[in-house]
Amino acid sequence: NAGVTQTPKFQVLKTGQSMTLQCAQDMNHEYMSWYRQDPGMGLRLIHYSVGAGITDQGEVPNGYNVSRSTTEDFPLRLLSAAPSQTSVYFCASSYSQGASGYTFGSGTRLTVV
Amino acid sequence: GESVGLHLPTLSVQEGDNSIINCAYSNSASDYFIWYKQESGKGPQFIIDIRSNMDKRQGQRVTVLLNKTVKHLSLQIAATQPGDSAVYFCAEKSGGATNKLIFGTGTLLAVQP
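Since this is a predicted model, take the numbers as computed values, not measurements. (Residues numbered from 1 in each chain as written. Chains lettered and ligands numbered in written order. Predicted model: local features only at pLDDT ≥ 70, side-chain atom pairs only at ≥ 80, totals over all residues. Heavy atoms only, no water.)

Quick notes on the nonpolar core
Counting 20 residues, the largest nonpolar core has Ile21, Trp35, Leu73, Leu75, Tyr88 and Leu109 of chain B as the members making the most contacts within it. Secondary structure elements with two or more residues in this core: β2 (10-14), β3 (19-25), β4 (30-38), β5 (45-51), β7 (62-67), β8 (72-77), β9 (86-94) and β11 (107-112) of chain B. The next biggest cluster of nonpolar side chains, apart from the first, holds 19 residues, and it includes Leu21, Met32, Ile46 and Leu78 of chain A. (Core = buried A, V, L, I, M, F, W, Y, C linked by side-chain atoms within 4.5 Å. Buried < 20%, exposed > 50% of the residue type's maximum accessible area, 1.4 Å probe, protein only. Helix = DSSP H or I, 4+ residues; strand = E, 2+ residues; numbered from the N terminus.)

Set out below in structure tokens:
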């Protein structure tokens, strides 16, 4: 199993550009989520999904959109990138709503200039 | 709002010594706790978990202690090795339908040879 796969690993954007961070898991996990990690602030939840067709906002959703058309994929879209979105982004999944720990991807390092 | 924090942002230990990483949580309704290890450039990796109906749980070289009275969580690593050098996060999950984890800011464990 590949686990949780994130692409790209690195990305540089100009302010105002849009892009999609990809996340795919092959473990048939129902629950998927996106976090951003900033120095000194730990992991903060952006959006999450409890199953295909269902998404909800986390702690810091502004500036990001998500969709969950399939169980496997949970892309994160930045519609108009801002320097404040410079961060490392992690996608995570787990088997079900009440399941134990998450499986994390290896992250996407995004720089907005 | 609820938050998870760590007492020590950086912990330096000698190889072979035992390490203790501490974490305070504020949500008394939290019923599940996890420790993650994050090596440089990688995503967080599950180490060990504990549910609120337990006080102690042991794994291979690691022990998690939970003190619900003072809302304190600790991770003990026995015979610390250079490969243990990483950032360690605690995370909590409150009871309910969703599977959202709240992460602390992390402690950097530096193992000196």
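Structural notes on the side chain of Asp84 of chain B
All names here are of chain B. Locating Asp84 in the fold gives a position in the loop between β8 and β9. Judged by its relative accessible area of 7%, Asp84 falls in the buried class. Beyond its immediate sequence surroundings of up to four residues, Asp84 is in contact with Lys37, Arg61, Ile77, Ala79, Leu109 and Val111. (Contact = heavy atoms within 4.5 Å.)

Overview of the environment of Gln81 of chain B
All names here are of chain B. If you trace the backbone, Gln81 turns up in the loop between β8 and β9. Owing to a relative accessible area of 39%, Gln81 belongs among the partly exposed residues under this scheme. Separated by 68 residues in sequence, Gln81 and Val13 place their C-alpha atoms 9.5 Å apart. Setting aside residues no more than four positions away along its own chain, Gln81 makes contact with Arg61 and Val111.

Describing the interface of chain A and chain B
Counting residues at the interface gives 21 residues for chain A, matched by 21 residues for chain B. Buried area between chain A and chain B, summed over both chains or domains, comes out near 1500 Å², and the portion from carbon and sulfur atoms is 54%. In this structure, the connection of chain A to chain B is made through zero salt bridges. Secondary structure elements with two or more residues in the side of chain A that touches chain B: β4 (31-38), β5 (42-51) and β9 (87-94) of chain A. It is β5 of chain A that provides the largest number of residues to the side of chain A that touches chain B, a total of four residues. Here the side of chain A that touches chain B is built from residues that sort into ten nonpolar, eleven polar and no charged. (Buried area = accessible area lost by both parts, 1.4 Å probe. Salt bridge = Lys/Arg side-chain N within 4 Å of Asp/Glu carboxyl O. Nonpolar A, V, L, I, M, F, W, Y, C, P; charged D, E, K, R; others polar.)

Considerations on unusual backbone geometry
A cis amide bond links Thr7 of chain A to the next residue, Pro8 of chain A, at an omega of -10 degrees. Its location among the elements puts Pro8 of chain A in the loop between β1 (4-7) and β2 (10-13). Phi is positive for Arg61 of chain B, close to 65 degrees, though the residue is something other than glycine. Note that Arg61 of chain B resides in the loop between β6 (56-58) and β7. Given the relative accessible area of 31%, Arg61 of chain B is considered partly exposed. The backbone phi angle of Lys71 of chain B is positive, close to 55 degrees, even though this residue is not glycine. Turning to its location among the elements, Lys71 of chain B is positioned in the loop between β7 and β8.

Considering the pairing of strand β6 (residues 54-57) of chain A
Residue and element names in this part refer to chain A. Alignment of β5 against β6, held across three bridges, turns out to be antiparallel. Its bridge partner being in β6, Gly51 is matched across the sheet by Ile54. The loop that links β5 with its antiparallel partner β6 comprises two residues; one of these, Gly53, has a positive phi angle of about 85 degrees. (Pairing = 2+ DSSP bridges.)

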